[in-house]
Amino acid sequence: MSRSCSILGAPIQTGASQPGCLMGPASLRTAGLGKTLADLGWSVRDLGDLSIAPQQAMSHTNAAIHDLAETRAWIEVLASAAFDAARDHDFPIFMGGDHSMAAGTVAGLARHAAGQGRPLFILWLDAHPDLHTLATTESGNLHGTPVAYFTGEPGFETYPPLSHAVDPRNICMMGIRSVDPAEHELILRSGIEVHDMRAIDETGVLPPLRAFLERVRAANGMLHLSFDVDFLDPDIAPAVGTTVPGGATFREAHLIMETLCDSGLVTSLDLVELNPFLDERGRTAKLMCDLTASLFGRRVLDRMTRSY
Ligand SMILES: NC(=[NH2+])NCCC[C@H](N)C(=O)O
Ligand SMILES: [Mn+2]
Ligand SMILES: [Mn+2]
């Protein structure tokens, strides 16, 4: 029997500074995400898009924060939907939407993993660590906050209560190249494993990735991959509002996805920050689909025919 995956859209853009991520799920569907996975032998269920009710404005002592009520509502809806999707499917995919949605998906997945008696690990592919609290964010863009929230940092009283926090030592970040001072301080004290672009230039992506996967395997963990488009170099992935030069190459990104596929350890995926308004003839959406295909088993050569 083929393994089942679900795709669920979260057209949220209130966590970002500029509009457009709202169209992310439609763009990924247009690029053929569902058919791509079905062609690889997966049984694919499209669960449609989530939505939130209109919200009353919420204020915060940090006046920079915008759209708090909407983002809070999205996180609540997503946490519940992610829990259900993980219960009902072998491999749920969450299509964003800006990265604030990971506060919801990871919260729901952490609750599901706890019910299975397994720890949840997170591989965070991003130019940014998204480690602000509501007190430290200066931009007020809440897509900069999900990791601080789901690791149980204080200062999130206005977000939905978190039922199960993720242990910071179970998080591996790769591709990091833009860190604010408050985030830097939190990285140093939290124990999150962070591989910045300098580290990747020095060792390549495989040694740190394999070491992390060994830790996941040894702990019988579930592994969630949260993939921010800005992990990739802007030359190959222009459709994101927070481009940072010097990102992962096409080949590094595919190698990561193929290695993750070989490991068989990944159990869920966020595809976030795609802003189709900034895309060039759909090339970023197409690349995100192709990278997902590598994660789901697409190969250039069958391993059996490969000679070492
Ligand atoms: N998910 C993202 N693209 N986050 C970018 C965050 C950038 C910056 N650290 C901020 O807080 O505004
Ligand atoms: Mn991000
Ligand atoms: Mn980012």
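Residues numbered from 1 in each chain as written. Chains lettered and ligands numbered in written order. Predicted model: local features only at pLDDT ≥ 70, side-chain atom pairs only at ≥ 80, totals over all residues. Heavy atoms only, no water.

A. Spatial organisation of the coordination of the manganese ion (ligand 2). Bound to the manganese ion (ligand 2) are the protein donor atoms His-99 (ND1), Asp-126 (OD), Asp-130 (OD) and Asp-228 (OD), situated 2.1 to 2.2 Å from the metal. Coordination of the manganese ion (ligand 2) draws on donor residues from a single chain, spaced H-x26-D-x3-D-x97-D in sequence. In this structure the manganese ion (ligand 3) is found 3.2 Å away from the manganese ion (ligand 2), and Asp-126 serves as a bridging donor for the pair. Of this pair, Asp-130 sits in the loop between β4 (120-125) and α5 (146-150) while Asp-228 sits in strand β7 (residues 222-228), and the two are 98 residues apart along the sequence. (Donors = N, O, S within 2.8 Å, 3.2 Å for Na, K, Ca; no water. Helix = DSSP H or I, 4+ residues; strand = E, 2+ residues; numbered from the N terminus.)

B. Focus on the site of ligand 1. Lining the immediate environment of ligand 1, one finds His-99, His-128, Asp-130, His-132, Ser-139, His-143, Asp-180, Glu-183, Asp-228, Asp-230, Thr-242 and Glu-273. Asp-228 places a side-chain nitrogen or oxygen 3.4 Å from a nitrogen atom of ligand 1. Here ligand 1, which alone exposes 350 Å², has 91% of that area covered by the protein. Across the shell around ligand 1, the residue classes break down as no nonpolar, six polar and six charged. (Near = heavy atom within 4 Å. Polar contact = N/O pair within 3.5 Å; in protein donor to acceptor, adjacent residues only side chain to side chain. Areas by Shrake-Rupley, 256 points an atom, 1.4 Å probe, with all protein chains shown as cover. Nonpolar A, V, L, I, M, F, W, Y, C, P; charged D, E, K, R; others polar.)

C. Main features of the packing of helix α8 (residues 206-218) against helix α9 (residues 250-263). At a minimum axis distance of 11 Å, the contact between α8 and α9 shows a crossing angle of 25°. It follows that α8 is roughly parallel to α9 by the angle criterion. Classified by chirality, the crossing of α9 by α8 is right-handed. Where α8 abuts α9, its residues Leu-206, Leu-209, Leu-213 and Arg-217 lie against Leu-255, Ile-256, Thr-259, Leu-260 and Ser-263. Across the contact of α8 with α9, the residue classes tally to six nonpolar, two polar and one charged. (Axes fitted to C-alpha atoms, helices over the stretch in contact; angles between N-to-C directions. Parallel < 35°, antiparallel > 145°, perpendicular 65-115°, else oblique. Left-handed = near helix turned anticlockwise from the far one by under 90°. Contact = heavy atoms within 4.5 Å.)

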